[in-house]
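Structure at a glance
Okay, here's what each chain looks like letter by letter:
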Amino acid sequence: MKIELKIPESEDGLAVNQLVAQNPPLDTNSLYCNLLQTTHFAETAVAAWHDGELVGFVSGYIKPEQPDTYFLWQVVVGEAARGQGLAKRMIQSIFQRSNLAAVRWLETTITPDNEASQRLFKSLARDWSAQIDVNVLFDKQEHFGGQHNSEELYRIGPINK
Ligand SMILES: CC(C)(COP(=O)(O)OP(=O)(O)OC[C@H]1O[C@@H](n2cnc3c(N)ncnc32)[C@H](O)[C@@H]1OP(=O)(O)O)[C@@H](O)C(=O)NCCC(=O)NCCS
């Protein structure tokens, strides 16, 4: 499958919204939020295209008060494009950009039941010879009122790109 990685454009926001909705267990965001990801946060996001169709997307940002840390908000790969290393390739491509030159840490949150995602970030940490530290960031009861599983923060680093 020939897949091209690109910096997103504002017109991609709708396709991102639809791709996320089609791929549980990701939480959907408003279309407006996805439009912000593909405009203000485009330089820290990546879109993967196959035959004119969006098949993967990573959103994230450099933490405002921690410029050495990239916070990955969501990673999604459509079912047909899974199992070919696309999620890893997208994340690694962001880390190769000059705007992330000073970034040595990756943070993301994962629910305890999302094994695919845990494997993905363990695999990245292995490639980067980095350690992983795990702590609950948003708690099921305290933050989500029992309506959502706890989100555990994975802090990975220091990263050897
Ligand atoms: C998680 C997800 C992004 C993985 O995408 P992908 O392109 O298939 O992942 P990759 O091919 O890059 O795999 C990276 C590593 O994770 C492992 N992995 C990926 N999916 C897996 C699964 N379902 N079960 C076990 N391991 C898995 C791969 O074996 C690989 O490990 P390795 O390098 O040790 O061989 C994709 O399954 C997805 O979009 N899921 C739904 C949304 C989601 O849960 N997103 C993450 C939460 S933000």
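Quick note: structure is the one above.
Attention here is on the structure that accompanies the text.

Parameters at a glance
Throughout, a residue's number is its position along its own chain's written sequence, starting from 1. Reporting in this predicted model follows two pLDDT cut-offs: at least 70 for local features of residues, and 80 or more for side-chain atom pairs to be given and counted; totals over whole chains, interfaces and linings ignore these cut-offs and use all residues. Heavy atoms throughout the structure, all of them, feed into the side-chain values; hydrogens and water do not. If a single non-hydrogen atom of a residue is within 4 Å of a molecule or strand, that residue counts as near it. What qualifies as a polar contact is a pair of N or O atoms within 3.5 Å, subject to a donor-acceptor requirement within protein and to the restriction that residues adjacent in sequence count only when both atoms come from side chains. For the accessible areas, the method is Shrake-Rupley and the probe is 1.4 Å, while residue cover comes only from the protein chains on display. Residues are called lining when one of their atoms sits within 4 Å of a cavity or pocket point, these points coming from a 1 Å grid over the protein atoms alone, where a cavity is a set in which a 1.4 Å probe fits but cannot get out and a pocket is an open set with protein on both sides within 12 Å along at least five of seven lines. A pocket or cavity is taken to hold a molecule when more than half of that molecule's atoms are within 2 Å of the pocket's grid points. Elements are defined by DSSP. Helices are runs of H or I of four residues or more, strands are runs of E of two residues or more, and each kind is numbered from the N terminus. Residues are grouped as follows: nonpolar covers Ala, Val, Leu, Ile, Met, Phe, Trp, Tyr, Cys and Pro; charged covers Asp, Glu, Lys and Arg; every other residue, Gly included, is treated as polar. Here a helix's expected span is defined as the number of its residues, less one, multiplied by 1.5 Å. Each residue gets one of three labels from its accessible area relative to the maximum for its type: buried under 20%, exposed over 50%, partly exposed in between, using a 1.4 Å probe on protein chains only. It only takes one pair of heavy atoms within 4.5 Å for two residues to be counted as in contact. What makes two strands pair is DSSP finding at least two bridges between them. Geometry is summarised by axes, namely lines fitted to C-alpha atoms with helices restricted to the contacting stretch, and by angles between N-to-C directions that run from 0 to 180 degrees. For this quantity, the arc is that covered by the directions from the helix axis to the C-beta atoms.

1. Overview of the site of the ligand
In the vicinity of the ligand there are 21 residues, among which Val-77, Gly-83, Gly-85, Ser-123 and Arg-126 approach most closely. Backbone polar atom of Val-77 to an oxygen atom of the ligand: 2.8 Å apart, as the coordinates give it. Between an oxygen atom of the ligand and a side-chain N or O atom of Arg-126, the distance comes to 2.7 Å. In the complex, 74% of the free accessible area of the ligand, which totals 920 Å², lies under the protein chains. Assessed atom by atom at 2 Å from the grid points, the ligand resides in the largest pocket. By residue number, the principal contributor to the shell around the ligand is helix α4 (residues 115-127), which donates six residues. A class-by-class count of the residues in the shell around the ligand yields ten nonpolar, seven polar and four charged.

2. Quick word on α4
Its 13 residues place the ends of α4 18 Å apart at the C-alpha level, agreeing with the 18 Å of an ideal helix rising 1.5 Å per residue. Listing the buried residues of α4 in full gives Ser-117, Gln-118, Leu-120, Phe-121, Ser-123, Leu-124 and Ala-125. Here the buried face of α4 lies against β4 (69-77), α3 (86-95), β5 (105-110), β6 (131-138) and β7 (151-157). Phi turns positive, to about 50 degrees, at Ser-129, one or two residues after α4.

3. A few points about the sheet that holds β5
A sheet is described by the order of its strands in space; here seven strands give the open sequence β1-β2-β3-β4-β5-β7-β6, paired in mixed fashion. Two strands in the sheet have a free side with no partner beyond their single neighbour: β1 (4-6) and β6. For this sheet, the mean inter-axis angle between neighbouring strands, taken without regard to orientation, is 25 degrees. Relative to β7, β5 runs antiparallel, the two being bridged by five bridges. Considered in β7, the bridge of Ile-110 is made with Glu-152. Helix α1 (residues 13-21) rests against β3 (53-62) and β4 of the sheet, and its axis sits at about 100 degrees to β3.

4. Quick notes on the environment of Val-134
In this fold, Val-134 is placed in strand β6. Accessibility expressed as a relative area gives 39% for Val-134, which makes it partly exposed. Considering only alpha carbons, one finds Val-134 and Glu-79, 55 residues apart in sequence, at a separation of 27 Å. Here Val-134 is in contact with Glu-152, Leu-153 and Tyr-154, once residues within four sequence places are set aside.

5. With respect to α1
Within α1, burial applies to Gly-13, Val-16, Asn-17, Leu-19 and Val-20. Buried positions in α1, seen along its axis, are confined to an arc of 165 degrees and lie on one side of it.

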